[in-house]
Amino acid sequence: MTSTIDLARESSSEAEVSGIAARTPLELFWRRLKQDRVAMAALVFILLLVAVAVLAPLLVKLTGQRPPNDQSTKFLDEFGTPTGPTSENWFGVDPLGRSVFSRVLYGARVSLEVAIIATAASVAVGVVVGMTAGFFRGFVDTVLSRLIDVLLAFPILLLALGLAAACSLGNGCLGGLIKPGLTVVIFVIAFVNWTYIARIIRGQVLSLREKEFVEAARSLGASNGRIIFREILPNLVAPIIVYSTLVIPQNILFEAALSFLGVGVQPPNPSWGAMLADATEIFDTAWWYMVFPGVALLLTVLAFNLLGDGLQDALNPRVERST
Amino acid sequence: MSGEPLVEVRDLVKHFPINRGIILQKQVGAVHAVDGVSFDVMRGESLGIVGETGCGKSTTARLLMRLLDPTSGVIRFEGKDVAKIPRRAFKPFRREIQMIFQDPYSSLNPRKTVGAIIAEPFAIHGLNKGKGERRRAVQELMDLVGLNPEHYNRYPHEFSGGQRQRIGVARALALQPKMIIADEPVSALDVSIQAQILNLLRDLQRDLGLTLILIAHDLSVVRHMCDRVAVMYLGKIVEIADSDTLYRHPRHPYTGALLSAVPVPDPELASRRRRQVLGGDVPSPTNPPPACRFHPRCPKAQDLCHQQEPLLEQKPGGSVAACHFPLSDAEAAERVATAEPV
Ligand SMILES: Nc1ncnc2c1ncn2[C@@H]1O[C@H](COP(=O)(O)OP(=O)(O)OP(=O)(O)O)[C@@H](O)[C@H]1O
Ligand SMILES: [Mg+2]
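Residues numbered from 1 in each chain as written. Chains lettered and ligands numbered in written order. Predicted model: local features only at pLDDT ≥ 70, side-chain atom pairs only at ≥ 80, totals over all residues. Heavy atoms only, no water.

K.L.:
How should I be thinking about the overall build of chain A in this particular structure?
P.N.:
Check the secondary structure of chain A and you find 13 helices and zero strands. The N-to-C order of helical and strand elements in chain A reads α-α-α-α-α-α-α-α-α-α-α-α-α. The buried share of chain A, reckoned over its 323 residues, is 46%. Within chain A, contacts between residues separated by at least 24 positions form 72% of all contacts whose residues are at least 6 apart in sequence. Surface exposure of chain A reaches about 16,000 Å², of which carbon and sulfur atoms provide 66%. (Helix = DSSP H or I, 4+ residues; strand = E, 2+ residues; numbered from the N terminus. Buried < 20%, exposed > 50% of the residue type's maximum accessible area, 1.4 Å probe, protein only. Contact = heavy atoms within 4.5 Å. Areas by Shrake-Rupley, 256 points an atom, 1.4 Å probe, with all protein chains shown as cover.)

Here it is as C-alpha cells:
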C-alpha cells in the first residue's frame, strides 16, 4: 500500500517549500514588532513605568525624597504658597507641603493598577459577551448587540459621575461590594468599556465561525465547547492583546478624569488626575504641580497608544509601510 | 464492490429561509439549495457529483455529513436512518463519514501545528491515548498522504496549497471512515498540482477500500476518478449514469452542454464538434423556474417543458435522466467529442 503513496510523494514537486525554519505565527508577529522602532521605544517606556510603579517605595527611599503623604509647612513660604523644584524636593511640593516627586511616582501605581484591573475586567466581560453573541448568533446575538448599542449611546461620563457619586457615599453600593475610591473607578471603567471589546470580538467570531476549519472540527464530532475554546479562542489571542493595549490608555485617562472631577481616587491617595485638579487653582504660582503629573500622564497614554498601534500593524501586516 | 448501497438518499430537500426584520423576523422566501434529490452510493464505489456553482453540491455534502439538518427527506447509512440516530450514538457515527474541504487555506486552523490538526480526531474520540502513540499514528498518516512526517511540528502557513490539501486528507483518514466526501478538493489548487491530489485520492480509495463522493464543477476532473457521475442543476439531479455511459451517451441537454465545454486534447476531434455554449445565467435558486428547471436555457425546450416536471427515468443508452426530450446519439455526437453511437 505504501508503495503507491511513496510514488505520490516523490511526484509532489512542492515538498521543498518547507525548507524555511519553522516559525509560529507568534514568532512572526514578534519579528515584525521588533522592526517597529516607535513601538519598541513605547514598550521600553512602559516596562520602565511598570518598574517605577512597583519599586516606588524603594525609589523614594533611595533618592532621599520624602514619602508621598508626608506633609510639612517647612516647604511653604510665609503666604502658604508651595515652593518649586529644589535639591530637597526635586519636583517641588504641593499646597500641603508634600513631595510632588513621590506623589507622581506613587500616582503611577494608581494609574497602572486601574489600567490593568479595569482593562482585564472589561476584556473578560467583553470577550465572553462577544464570543457568545458571535458564536450562537440569532436571538442571543440580537439581545446582546442591542444592549451594547444602548450602552454605547449612553452619556458615559454622566453615567460614570452618577455611579461614582452614588457609590462614593458611606458604604458604597451593591451592599458594600463597590466601595468608594479605586473600586468605584475600576467598576465604572469596566462597566462602560467592555462594550468596545465585545463588538470587536463578536465581529471576529462571526467571521471565524464560518471558516472551514470550524466545519471540519464539527464533522469530526467536536462539541460546541471544544470548538469555542480550542478552535476559535486561539485565533482571538492576538486581537485581544492588541485591543487591550489600545483600551489601557483610555482607561488611564478615564481614571484621571474621574479623579479630576473628584469622584475617583480619594485623598490622600495620590492620583495624577486629582493632582491636576488641585493644580489648576494655583497654576500661576506653582506650575510644577501641574507640569510633572501632566507630563507623566501624557507620556504614559502616548506610550500605550503607540504600542497599541504597533501591535495592530504587526498583527495585520497588510498595510505596507515605506520605512 | 458489492451490490448493496452504503448510503441511500431519498427526496432530500434543503431550503434556507430568507428572513427580514431585526427583532420580529419574518420569512420572506427561501433558497431552494437542494430540492428533492435521490441517489444511492454503493459500497466501495466512487460517485462524482457535478454541476455549476450554486447548484447545491456543497449543501448536499453538508446534509450527508449531518452538518446541516434537511428540510425534508431521508438519508440512510448502512440501512439506518441517520436522522433517527440518538444523540449519544451520534459521535460514533461521525467516524463513518469524513469530508475533505474545498479551501485548503481556511480548512486548517492557522494557530495549530499540523500534528495537532491531524491528531484532533484522536483527541475528540479519545483514540491513541498515549503521547508517543498518538504521534506515531499522526506520522503514519502523514507518510500515507505523502507528507514528510518530520514536519508534524510545523504550522499550516509553512506549507503549499497542495501540501495543505494532503494535511486535510490525512485528517479525514484518521478515523478510518467508510466513506469520504471530497468537496471540490482541487479547485483551489494550481493545475499542475491538481493531478497529484486526485491521484492520491484515487490510490487511497483503491488501497483502503473507501467509498468516495467527489464533488466537482466540471466533468473533466471527475472522468478519471469516478465509477458513476450525477449531474446537478439548481438543486436537482438531472442525469446519473456510469461514467462511460455518461461520457459516451449523454442524454440530458445540460450534460451535453457541460461535456461540450470539456477541452479535448485531440484537435481533429475538437474541430468536429460543435461547441455548445449555454446562454444566460443560472436562474436564482430563490425562485427556480417551474416544471423543468433547465427550460429557459435549453436548446430543445418545448411547451411541455414549461408545464410538466420531467422525472428521472431510464433513457435509451443506459443513463437515468430527467428530460422530456433527451438528446439522441446524433445530437450527442454533434456536441460531445467523446460521444459514440450505441
Ligand atoms: N447557509 C446558507 N444560508 C443561505 N443560503 C445558502 C447557505 N448555504 C448555501 N446557500 C445557498 O444555497 C445554494 C447552493 O449552495 P451550495 O454551496 O450548495 O452550492 P455549490 O453547488 O456547492 O456551489 P459551488 O460550486 O460554488 O461550491 C446557493 O445559492 C447558496 O447561495
Ligand atoms: Mg460548494
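K.L.:
So what exactly am I meant to see when it comes to helix α6 (residues 191-208) of chain B here?
P.N.:
Owing to its 3.6 residues per turn, the α-helix aligns residues three or four sequence positions apart on the same side. All names here are of chain B. The first and last C-alpha atoms of α6 sit 26 Å apart over 18 residues, in line with the 26 Å expected at 1.5 Å per residue. Along α6, the residues that are buried comprise Ile193, Gln194, Gln196, Ile197, Leu198, Leu200, Leu201, Asp203, Leu204 and Gln205. Looking one or two residues beyond α6, the residue adopting positive phi is Gly209, at roughly 65°. (Expected span 1.5 Å × (residues − 1).)

K.L.:
Hey, could you run me through the packing of helix α5 (residues 161-173) of chain B against α6 of chain B in this one?
P.N.:
To characterise two packed helices, one gives the angle between the axes of the helices and the distance between these axes. All names here are of chain B. Two elements in contact, α5 and α6, have axes whose closest approach is 10 Å; the angle formed by their N-to-C orientations is 20°. Looking at the two axes, α5 sits roughly parallel to α6. Relative to α6, the crossing made by α5 is right-handed. On the side of α5, the interface is formed by Gly162, Gln165, Arg166, Val169 and Leu173, while α6 contributes Ile193, Gln196, Ile197, Leu200, Leu201, Leu204 and Leu208. Considered class by class, the residues forming the contact of α5 with α6 number eight nonpolar, three polar and one charged. (Axes fitted to C-alpha atoms, helices over the stretch in contact; angles between N-to-C directions. Parallel < 35°, antiparallel > 145°, perpendicular 65-115°, else oblique. Left-handed = near helix turned anticlockwise from the far one by under 90°. Nonpolar A, V, L, I, M, F, W, Y, C, P; charged D, E, K, R; others polar.)

K.L.:
Would you take a moment to explain the environment of Asp11 of chain B for this structure?
P.N.:
Looking at the secondary structure, you find Asp11 of chain B in strand β1 (residues 5-20). Among residues more than four places away in sequence, those in contact with Asp11 of chain B are Gly36, Val37, Ser38, Ser72 and Gly73 of chain B.

K.L.:
Is there a simple way to think about the site of ligand 1 in this case?
P.N.:
All names here are of chain B. In the vicinity of ligand 1 lie 13 residues, with Thr53, Gly54, Ser58, Thr59 and Glu184 positioned nearest. Thr53 has a polar side-chain atom sitting 2.5 Å from an oxygen atom of ligand 1. Contact with the protein chains hides 63% of the accessible area of ligand 1, taken as 640 Å² for the molecule alone. The set of elements that each furnish at least two residues to the shell around ligand 1 consists of β2 (26-42) and α1 (57-64). (Near = heavy atom within 4 Å. Polar contact = N/O pair within 3.5 Å; in protein donor to acceptor, adjacent residues only side chain to side chain.)

K.L.:
I'm lost on the nonpolar core in this one. Help?
P.N.:
The tendency in soluble globular proteins is for nonpolar side chains to be buried side by side. By size, the foremost hydrophobic cluster in this structure holds 61 residues, and its most contacted members are Leu173, Leu214, Leu219 and Val229 of chain B. Looking at this core, the element that brings in the most residues is α6 of chain B, giving six residues. Apart from residues lying up to four places away in sequence, Val229 of chain B is in contact with Leu47, Gly48, Val50, Leu219, Val222, Glu239, Ile240, Ala241, Ser243, Leu246 and Tyr247 of chain B. Grouped together as the second largest cluster of nonpolar side chains are 57 residues, Val123, Val301 and Ala314 of chain A together with Leu175 of chain B included. (Core = buried A, V, L, I, M, F, W, Y, C linked by side-chain atoms within 4.5 Å.)

K.L.:
How should I be thinking about the side chain of Lys315 of chain B in this particular structure?
P.N.:
All names here are of chain B. Looking at the secondary structure, you find Lys315 in the loop between β11 (313-314) and β12 (320-321). Looking at Lys315, the relative accessible area reads 7%, which means it is buried. Here the side chain of Lys315 touches Cys323 through a polar contact of 2.9 Å, landing on its backbone oxygen. The contact partners of Lys315, leaving out residues within four places of it in the chain, are Arg251, Ala321, Cys323 and Pro326.

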